[in-house]
Amino acid sequence: MPPQRVFALPRQQSLLLPAVINPFVQDTKLPTAAVIKCVLLGIVLVPVRAILLSLVLMVTWPVAVIITFKHPLKGAVEPMTGWRRFMCRRVMAALGRAYYFCMGFRVVVKGKQVGSGDAPILAVAPHSTFFDGIVCIVAGLPSTVSRVENLATPIFGRFVRCLQPVLVSRQDPDSRKNTIQEIDSRAKSGGHWPQVLIFPEGTCTNRTCLITFKQGAFIPGVPVQPVIMRYPNKMVSVCNAASMRTLLLLTLSQLYTTVEIEFLPPHVPTEEEKKTPSLFASRVRASMAHALGVPVTDHTYEDCRLMISAGELTLPMEAGLVEFTKISRKLNLKWDNLRKELEGFAAMASSCKGGRITIQEFASFLKLPINPALEELFALFDRNGDGTIDFREYVIGVTILCRPANTEDVLRMAFQLFDTDEDERITREEFTALLRSALGVSDLNMAKLFKEIDADGSGFITFCEFQAFATTHPEYAKLFTTYLELQRYQAIQETTPGDLELTGGSRSGDKQEDSTSDKKDD
């Protein structure tokens, strides 16, 4: 039996799949008994609670109007004082508790909240539902970070104004910088401003893990008090991705809904953490995850955007999940780059089901038959060895394997191999001859590929056309280098078969292994 070729180095652990594949969707199905219970209780509870909530809102809205009357939200804003502050912290807080009580919420508070002098910022996680606003009531109505659009929401927009939020605008290109400056100013006011409450995840999750924390709460470099939330009643998480109406009806149909709010000890940043907000955020997240007993992942809001893009490209939405923070940092990719790669993946996976590419679809997209070189390239992409390539594996493979192989030297070498008569152009006959002998390509498949590379339809391929095609199809460059490595391997095997059998499983082939490895330094 001939010795087997030594494949790539082991995959680096940091790019393996996360503990939670999709933290954004909760697909829990209610058992029949639970549905019947909700219906029976809802017949009585929903109308009663709806009436009580309406009464509370009828009182709360005019109080909120009085508190915020002629009080600016933009410009030289000052914190509320005097009667406004008293009504906000006492009257509005009491009405807020009454509102959640009428919905059936039972609040359990653990730990002790410190003052703004000890921890100017409250970091709350996980953020999973619009009911999380209850933490603002429990924390004494601190300032929050809110979108400008929320101020225009009927009735509730007036309540948001009472919190004197730090406003974020998607239309303002300087919004992120201004938001960070305002958070920094309030956090370092020496108690002049109330505490700033922030959900650092930046989006809702299903509470199975903590995703990447955004750095806004940690850039000021001041002590942060972590606050964790738990919903022992699973009914609250059932409709995490459902409509607000469905979630509200399910909640109102429960006898009560328990929410646990735990104030952890403040995290005082070290000098290193003050200089590196990402490290500060990571350590706070780690302590919160430990208290919750859940893992951490490197997903972020950009993964949500990629999920939406995947759906628009007729792929399963989960196909867009790549742990954006980790992938962008390790592979030096921006969101626009990943969106472009997703389009390329969609073109390849358009005919497959489940958003995963098999070797047959891989070969069909490349217009090549299945051969040893193609099988090895596919194996390098297929990081978990399940016989398919998902979008995450595709991005890693294209970035680590294919693009480094797509250098001008490699392309020039490939071009010269095709250009047998050295006239600086490749004819269809030259193209056919090499591919037939190297990869066993049929004339029909070769014709399609040749036509695609021959952009101007001149009947021959110039180096510029060859290079342009390789730039937009980096898989071919790695396929070519893989073919050359196999040729070298076969030549060595034929020359010294005994030696190769003795050393095939050792590390003596490091140079060969490195050429096919997708390993990068952490």
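The protein chain has the name Lysophosphatidylcholine acyltransferase 2 in an unreviewed UniProt entry, where Sparus aurata is given as its organism. Under the heading Sequence similarities (unreviewed entry), UniProt records this for the protein chain: "Belongs to the 1-acyl-sn-glycerol-3-phosphate acyltransferase family."

*Asks:* Any details on the overall build of the protein chain? Residues and values, ideally.
*Replies:* If you tally the helices and strands in the protein chain, you get 22 helices and nine strands. Within the span of the protein chain, comprising 522 residues, buried residues form 50% of the whole. As displayed, the protein chain has an accessible area near 25600 Å², and 58% of this comes from carbon and sulfur atoms.

*Asks:* Report on helix α14 (residues 372-381), specifying residues and quantitative values.
*Replies:* Burial within α14 is extensive, with seven of its 10 residues counted as buried. Within the span of α14, buried status applies to A373, L374, E376, L377, F378, L380 and F381.

*Asks:* An account of the nonpolar core is requested, with residue identities and associated values reported.
*Replies:* In terms of nonpolar packing, the biggest core is built from 41 residues, with F362, Y394, F431 and F466 touching the most fellow members. Among the elements of the structure, α10 (301-312), α12 (335-349), α13 (359-366), α14, α15 (391-405), α16 (408-418), α18 (443-453) and α19 (463-472) are those that each provide at least two residues to this core. Listed in part, the 39 residues of the second largest apolar core include F105, L122, L197 and L252.

*Asks:* Lay out the pairing of strand β7 (residues 257-263) with the relevant residues and their values.
*Replies:* Where burial is concerned, most of β7 is hidden: seven out of the seven residues are buried. Covered by surrounding structure in β7 are T257, V259, I261 and F263 together with T258, E260 and E262, the residues of both alternating faces. As defined by bridge partners, strand β1 (residues 105-111) adjoins β7 across seven bridges and the pair is classed as parallel. Note that in β7 the partner of G111 across the bridge is F263. The pairing of strand β6 (residues 224-230) with β7 spans four bridges and is classified as antiparallel. By the bridge assignment for β7, I228 is matched with E262.

*Asks:* An account of the UniProt feature "domain: EF-hand" (unreviewed entry) in the protein chain is requested, with residue identities and associated values reported.
*Replies:* Taking the UniProt record as the reference, the feature "domain: EF-hand" (unreviewed entry) is found at residues 369-404, 406-441 and 448-476. In this annotation, residues 448-476 is assigned 62% helix and 7% strand; the end-to-end C-alpha distance for the span is 15 Å.

*Asks:* Account for unusual backbone geometry, naming residues and giving values.
*Replies:* Here the bond from A125 into P126 is cis, since omega is -5 degrees, no more than 30 degrees from zero. As for its placement among the helices and strands, P126 is situated in the loop between β2 (121-125) and α3 (134-138). In this structure, Q164 is a non-glycine residue whose phi angle is positive, near 45 degrees. Mapped onto the secondary structure, Q164 falls in the loop between α4 (156-162) and β4 (166-168). Since its relative accessible area comes to 6%, Q164 is described here as buried. Notably, E422 is not glycine yet its phi reads approximately 55 degrees, a positive angle. In this structure, E422 sits in the loop between α16 and β8 (426-427). By relative accessible area, which is 68% here, E422 ends up exposed.

*Asks:* Describe the UniProt feature "transmembrane region" (unreviewed entry) in the protein chain, naming the residues involved and giving the relevant values.
*Replies:* Per the UniProt record, the feature "transmembrane region" (unreviewed entry) sits at residues 50-69. Taken end to end, residues 50-69 is 95% helix and 0% strand, and its two terminal C-alpha atoms sit 28 Å from one another.

*Asks:* Provide a residue-level description of the packing of α16 against α19, including the pertinent values.
*Replies:* Between α16 and α19, whose axes approach to 10 Å, the crossing angle comes to 125 degrees. In this view, α16 runs oblique relative to α19, as classed from their interaxial angle. As for how α16 packs across α19, the hand of that crossing is right-handed. For the pair α16 and α19, contact is made by E408, L411, R412, A414, F415 and F418 and by F463, F466, Q467 and A470, respectively. Class assignment of the residues belonging to the contact of α16 with α19 gives a composition of seven nonpolar, one polar and two charged.

*Asks:* Describe the pattern of salt bridges, and please don't skip the residues or the numbers.
*Replies:* Note that side chains of opposite charge can pair when their charged atoms are close. According to the stated counting rule, one finds 11 salt bridges in the structure shown. Linking R230 and E262 is a salt bridge whose minimum nitrogen-to-oxygen distance equals 3.0 Å. With R230 in strand β6 and E262 in strand β7, this residue pair connects regions lying 32 residues apart in the sequence. On the basis of relative accessibility, which here comes to 19%, the residue E262 falls in the buried class. Each of K110, R230, E260 and E262 takes part in one network of salt bridges that share partners.

*Asks:* Tell me what's going on with the packing of aromatic side chains, and back it up with residues and numbers.
*Replies:* Throughout the structure, instances matching the rule amount to 12 aromatic pairs. Ring geometry for Y99 versus Y100: centroids 5.8 Å apart, planes at 90 degrees, classification edge-to-face. Ring centres 5.5 Å apart and planes at 85 degrees place the aromatic pair F415 and F463 in the edge-to-face group. Taken together, the positions of F415 in helix α16 and F463 in helix α19 put the pair 48 residues apart, joining distant regions of the chain. On the basis of relative accessibility, which here comes to 1%, the residue F415 falls in the buried class.

*Asks:* Quick rundown of α12? Include the residues and the values.
*Replies:* Over its 15 residues, α12 extends 20 Å from the first C-alpha to the last, a length consistent with the 21 Å expected when each residue adds 1.5 Å. W335, L338, R339, E341, L342, F345, A346, M348 and A349 are the residues of α12 that are buried.

*Asks:* Report on the packing of α13 against α14, specifying residues and quantitative values.
*Replies:* Their axes nearest at 11 Å, the elements α13 and α14 cross at an angle of 115 degrees. Along this stretch, α13 crosses α14, giving a crossing that reads as right-handed. Together, I359, F362, A363 and L366 of α13 and L374, E375, L377, F378 and F381 of α14 make up the contact between the two elements. Within the contact of α13 with α14, the residues separate by chemical class into eight nonpolar, no polar and one charged.

*Asks:* Explain the state of the cysteines to me, using residue names and the numbers behind them.
*Replies:* Within the structure shown, the criterion is met by zero disulfides. The structure places no disulfide on C88, whose sulfur is separated from the nearest cysteine sulfur, that of C162, by 5.3 Å. Judged by relative accessible area, C88 falls into the buried class, the value being 4%.

Cut-offs and rules
- Residues numbered from 1 in each chain as written.
- Predicted model: local features only at pLDDT ≥ 70, side-chain atom pairs only at ≥ 80, totals over all residues.
- Heavy atoms only, no water.
- UniProt positions renumbered as here; feature names shortened; annotations may be inferred.
- Helix = DSSP H or I, 4+ residues; strand = E, 2+ residues; numbered from the N terminus.
- Buried < 20%, exposed > 50% of the residue type's maximum accessible area, 1.4 Å probe, protein only.
- Areas by Shrake-Rupley, 256 points an atom, 1.4 Å probe, with all protein chains shown as cover.
- Core = buried A, V, L, I, M, F, W, Y, C linked by side-chain atoms within 4.5 Å.
- Pairing = 2+ DSSP bridges.
- Axes fitted to C-alpha atoms, helices over the stretch in contact; angles between N-to-C directions.
- Parallel < 35°, antiparallel > 145°, perpendicular 65-115°, else oblique.
- Left-handed = near helix turned anticlockwise from the far one by under 90°.
- Contact = heavy atoms within 4.5 Å.
- Nonpolar A, V, L, I, M, F, W, Y, C, P; charged D, E, K, R; others polar.
- Salt bridge = Lys/Arg side-chain N within 4 Å of Asp/Glu carboxyl O.
- Phe/Tyr/Trp six-rings, centres within 6.5 Å; stacked < 30°, edge-to-face > 60°.
- Expected span 1.5 Å × (residues − 1).
- Disulfide = S-S within 2.5 Å.

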